[in-house]
Amino acid sequence: MELEATPDDEVFSSNDEMEELWPLGEVDPKRARFPCCIVWTPLPVVSWLAPYIGHVGIAREDGTVMDFAGSNLVSVDDLAYGSAARCLQLDRKKCCFPANLASHVCARSHEHSEAGTAMSWDDALRSGARRFEHKCYNLFTCNSHSFVADCLNRLAYGGSVGWNVLNLAALVWLRGRWLDRTAAARSFLPFAAVSCVGVLMAGWSFLLGMAAFSLLLLGWFVLGVYCLKGLVG
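Small disclaimer: the values here were computed from a predicted structure and weren't measured.

Undergrad: How should the environment of Asp91 be read in this particular structure?
TA: Secondary-structure assignment places Asp91 in the loop between strand 5 (86-89) and helix 4 (109-115). Measuring from C-alpha to C-alpha, the distance between Asp91 and Cys36 comes to 7.7 Å, with 55 residues separating the pair along the chain. At a separation of 2.9 Å, a polar atom in the side chain of Asp91 contacts the main-chain amide nitrogen of Lys93.

This is the structure we're talking about:
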């Protein structure tokens with residue numbers, strides 16, 4: 001008697017199998033290849049005043065970086081504002097790639113379905129790029145962090161569909177690594193130079209002004225993300 005195939009036999013069963021069939025390559029900064037990584041680079045002027053603010057992108061499985069670089073523009077293999085300074089490689093085993101509603105492995109399957117599910121890592125990035133190719137870029141409401149957070153929600157990375165510009169920025173800064181000393185220097189030296197010049201010209205009140213700028217900026221994103229939901233994409 002023949003055995004009937006079950007749905008589990010037909011569905012790609014686990015992320016462990018995917019890892020074996022499609023292993024990731026090594027991170028190679030010289031070739032700008034960052035498989036399944038989030039990458040970060042400082043922004044001109046803005047990062048000089050607040051070095052924790054920068055531009056982010058997310059890389060495909062082959063290491064090619066995609067980033068929301070401007071209105072209606074998702075760049076591929078051309079990270080805006082220079083080469084990556086920090087990177088964080090993510091674990092595909094922490095993603096949810098459901099073949100149907102019943103095969104979700106994340107805690108919030110309904111919300112994941114609304115955010116947009118994907119069959120693979122690259123599929124999530126492609127669908128995210130299609131959405132942001134019709135969005136206007138704005139540093140304060142819809143920026144590169146918005147694009148990467150949208151991709152992570154489609155992946156349900158870490159079982160969460162609550163990724164936003166703030167917790168994404170915290171993830172990169174707390175768990176990301178500098179690619180080399182030069183990358184760290186070009187991220188902080190302009191800030192140090194501006195601070196020194198400002199103190200020499202305007203006194204210590206200049207540093208108070210920079211601190212106030214940082215607090216206002218942080219307050220804006222907290223307000224836009226958690227209080228006025230939908231204001232910051």
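Undergrad: Is there a simple way to think about helix 8 (residues 181-202) in this case?
TA: Residues spaced three or four apart along an α-helix face the same direction, because each turn holds 3.6 residues. Under the 1.5 Å per step criterion, the end-to-end length of helix 8 is 31 Å for 22 residues, consistent within 8% with the ideal 32 Å. Its maximal kink placed at Phe188, helix 8 deviates by approximately 30°, while the proline Pro190 follows within four residues. By the burial criterion, the buried members of helix 8 are Ala183, Ala184, Ser187, Ser195 and Gly198. On its buried face, helix 8 sits against strand 1 (37-42), strand 6 (177-178) and helix 9 (205-227). The opening residue of helix 8 is Asp180, an N-cap whose side-chain oxygen sits 3.1 Å from the backbone nitrogen of Thr182. Gly203 lies just past helix 8 and shows a positive phi near 85°.

Undergrad: Would you explain the confidence of the model for the protein chain in this entry?
TA: Interpreting fine coordinate detail is not advised for predicted regions of low pLDDT. When the pLDDT values of the protein chain are averaged, the result is 89; 90% of them are 70 or greater. Considering only residues more than four positions removed or in separate chains, one finds that residues 1-13, a stretch of pLDDT under 50, has six contacts.

Undergrad: Would you mind going over the sheet that holds strand 5 with me for this structure?
TA: Strand pairing in a sheet takes place through backbone hydrogen bonds and is either antiparallel or parallel in direction. Read from one edge to the other, the open sheet built from six strands follows the order 4-3-2-1-5-6, with strand pairing classed as antiparallel. Two strands close off the open sheet at either side, each with one partner strand: strand 4 (73-76) and strand 6. Taken together, the two bridges between strand 2 (residues 54-59) and strand 3 (residues 65-70) define a ladder with antiparallel strand orientation. The residue bridging Ile58 from the neighbouring strand is Met66, located in strand 3. Sitting on the sheet, helix 5 (residues 121-132) is in contact with strand 2, strand 3 and strand 4, with an inclination near 130° to strand 2.

Undergrad: For this particular structure, what's the right way to read the UniProt feature "transmembrane region" (unreviewed entry) in the protein chain?
TA: In the numbering used here, UniProt assigns the "transmembrane region" (unreviewed entry) feature to residues 155-176, 188-207 and 213-232. Note that residues 213-232 is 75% helix and 0% strand, and that its end C-alpha atoms are spaced 19 Å apart.

Undergrad: In this structure, what is going on with the packing of aromatic side chains? I would like to understand it.
TA: All chains considered together, the criterion is met by nine aromatic pairs. With 5.7 Å between their ring centres and 80° between their planes, Trp173 and Trp178 make a pair best called edge-to-face. Accessibility expressed as a relative area gives 26% for Trp178, which makes it partly exposed. Considering the side-chain rings of Trp178 and Phe188, the 5.6 Å spacing of their centres and the 65° angle between planes classify their relative orientation as edge-to-face. In this pair, Trp178 is assigned in strand 6 and Phe188 in helix 8, connecting sequence segments 10 residues apart. Owing to a relative accessible area of 35%, Phe188 belongs among the partly exposed residues under this scheme. Grouped by ring-pair contacts, the aromatic residues Trp40, Trp173, Trp178 and Phe188 constitute a single cluster. The positively charged end of Arg86 is found above the aromatic ring belonging to Trp178, 4.6 Å away from the centroid. We note Lys135 situated over the ring of Phe132; from NZ or CZ to the ring centre the distance is 5.6 Å.

Rules used throughout
- Residues numbered from 1 in each chain as written.
- Predicted model: local features only at pLDDT ≥ 70, side-chain atom pairs only at ≥ 80, totals over all residues.
- Heavy atoms only, no water.
- Helix = DSSP H or I, 4+ residues; strand = E, 2+ residues; numbered from the N terminus.
- Polar contact = N/O pair within 3.5 Å; in protein donor to acceptor, adjacent residues only side chain to side chain.
- Expected span 1.5 Å × (residues − 1).
- Bend = angle between axes of the 7 residues up to and from the residue.
- Buried < 20%, exposed > 50% of the residue type's maximum accessible area, 1.4 Å probe, protein only.
- Contact = heavy atoms within 4.5 Å.
- pLDDT = per-residue confidence, 0-100.
- Pairing = 2+ DSSP bridges.
- Axes fitted to C-alpha atoms, helices over the stretch in contact; angles between N-to-C directions.
- UniProt positions renumbered as here; feature names shortened; annotations may be inferred.
- Phe/Tyr/Trp six-rings, centres within 6.5 Å; stacked < 30°, edge-to-face > 60°.
- Lys NZ or Arg CZ within 6 Å of the ring centre and 35° of its normal.

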